[in-house]
Amino acid sequence: MNSSRQPQAYIFDYGGTLDTGGRHWGRVIWQAWQEAGVPVGEEQFRQAYVAAERRMAAEPLIQPDYTFRQTLDVKLRLELTSVGADAYRPQVLESLYAQTVRHTQHSREVLSALAANSPLVLVSNFYGNLSAVLREFRLDGLFRSVVESAVVGLRKPDPRIFLKGVESLGLLPAQVAVVGDSISNDILPARQAGCLAVWLRGQQWTDAPVDESAPHRIINDLEELLPPPSPPQGRDV
């Protein structure tokens, strides 16, 4: 992203961007299953993961006041019950929640510094309880607005959900950078909306190659969004 296209504001994705450091949640959960010794193969896990996601999107299983811990517990119950391994849920839940706390703490530090000079908006495919989750991790108050799929009736990769975020900023799309971990759900629709696109490169759902020419900028850590520190000022002698 050259100097002539520096963003005046940022739109952030939530899941996989602020809470896992760029790793797809499917990958994160599968690793936790492996570490806990859940006796299933990866293909069986993937089927359970996709089925649980679809059910959570279609049914009101998540209440508006549910914390992320409660949301994760529902997700794991659906997945693990479907493969006959719900006894592993407490161990997997504790491991995943501890990881999430660490990642969101890092994200909070970066966002707090970034928000000092640039307004921030959150755009996420979520279950209707994102405000409760943001409070849980002390991310509330950092965003000018929160655009949540379950609330606005639009889901990524529909570029219109990003335009709602742009509208809340009162800027043109070209003045706003979208930061996300997914090429298909964040980067491509952000470009379709006319925004700058910053890809947080991590671990995708599959190992299939992705088009790294799609984003305007690629980062490996959110810290790279912060301006470099000013050089120390010399003293006259």
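Residues numbered from 1 in each chain as written. Predicted model: local features only at pLDDT ≥ 70, side-chain atom pairs only at ≥ 80, totals over all residues. Heavy atoms only, no water.

### Observations regarding the packing of aromatic side chains
Inspection of the entire model under this criterion finds ten aromatic pairs. In this structure an aromatic cluster arises from ring pairing among Trp30, Trp33, Phe45, Tyr49 and Trp205. When the ring centre of Trp205 is taken as reference, the NZ or CZ atom of Arg46 above it lies at 4.1 Å. The ring centre of Tyr97 lies 5.0 Å from the NZ or CZ of Arg69, which sits over that ring. (Phe/Tyr/Trp six-rings, centres within 6.5 Å; stacked < 30°, edge-to-face > 60°. Lys NZ or Arg CZ within 6 Å of the ring centre and 35° of its normal.)

### Side note on the layout of surface pockets
In this approach the atoms are scanned with a rolling probe the size of a water molecule, which exposes any empty space left behind. Of the pockets and cavities examined, the largest pocket occupies roughly 1000 Å³. If you go around the largest pocket, you meet 40 residues; those closest to its centre are His24, Tyr49, Glu53, Arg155 and Asn185. Of all the secondary structure elements, the ones that give two or more residues to the lining of the largest pocket are α2 (42-58), α3 (68-82), α6 (149-152) and α8 (183-192). Take the lining of the largest pocket: its biggest share by element is six residues, from α2. The class makeup of the residues in the lining of the largest pocket is 17 nonpolar, twelve polar and eleven charged. (1 Å grid on protein atoms, 1.4 Å probe; cavity = no way out; pocket = protein on both sides within 12 Å on 5 of 7 lines; lining within 4 Å. Points joined across faces, edges and corners; volume = space filled by probe spheres on them. Helix = DSSP H or I, 4+ residues; strand = E, 2+ residues; numbered from the N terminus. Nonpolar A, V, L, I, M, F, W, Y, C, P; charged D, E, K, R; others polar.)

### Brief notes about the pairing of strand β3 (residues 145-148)
Strand direction decides the pairing type here: strand β2 (residues 120-124) and β3, joined by four bridges, are parallel. Bridge pairing in β3 places Ser124 opposite Glu148. Viewed along the sheet, the connection from β2 through helix α5 (residues 130-136) into β3 turns out right-handed. (Pairing = 2+ DSSP bridges. Right-handed = clockwise from strand over helix to strand, strands pointing away.)

### Considering α2
Compared with an ideal rise of 1.5 Å per residue, which puts 17 residues at 24 Å, α2 spans 24 Å between its outermost C-alpha atoms and is within 8% of the ideal. Among all positions in α2, only Phe45, Arg46, Ala48, Tyr49, Ala52 and Met56 are buried. Summarising the axial view, the buried residues of α2 lie within an arc of 165 degrees, below the 170-degree limit, and thus occupy one face. The exposed set on the far side of α2, more than 90 degrees from its buried face, consists of Glu43, Arg54, Ala57 and Ala58. Along its buried surface, α2 packs onto α1 (25-36) and α3. (Expected span 1.5 Å × (residues − 1). Buried < 20%, exposed > 50% of the residue type's maximum accessible area, 1.4 Å probe, protein only. Arc of directions from axis to C-beta. Contact = heavy atoms within 4.5 Å.)

### A short note on unusual backbone geometry
With an omega of 15 degrees, the peptide bond running from Lys156 to Pro157 counts as cis. Its place among the elements puts Pro157 in the loop between α6 and α7 (160-169). Of note in this structure, Arg138 is not a glycine but carries a positive phi near 55 degrees. Tracing the backbone through its elements, the reader meets Arg138 in the loop between α5 and β3.

### Details of the packing of α2 against α3
Closest axis-to-axis distance for the α2/α3 pair is 9 Å, and the angle between their directions is 130 degrees. When the axis of α2 is compared with that of α3, the two are oblique. Viewed along their axes, α2 and α3 form a crossing whose handedness is right-handed. When α2 is examined against α3, the residues Phe45, Ala48, Tyr49, Ala52, Glu53, Arg55 and Met56 are found in contact with a partner set consisting of Thr71, Lys75, Leu78, Glu79 and Ser82. For the contact of α2 with α3, the residue count by class is six nonpolar, two polar and four charged. (Axes fitted to C-alpha atoms, helices over the stretch in contact; angles between N-to-C directions. Parallel < 35°, antiparallel > 145°, perpendicular 65-115°, else oblique. Left-handed = near helix turned anticlockwise from the far one by under 90°.)

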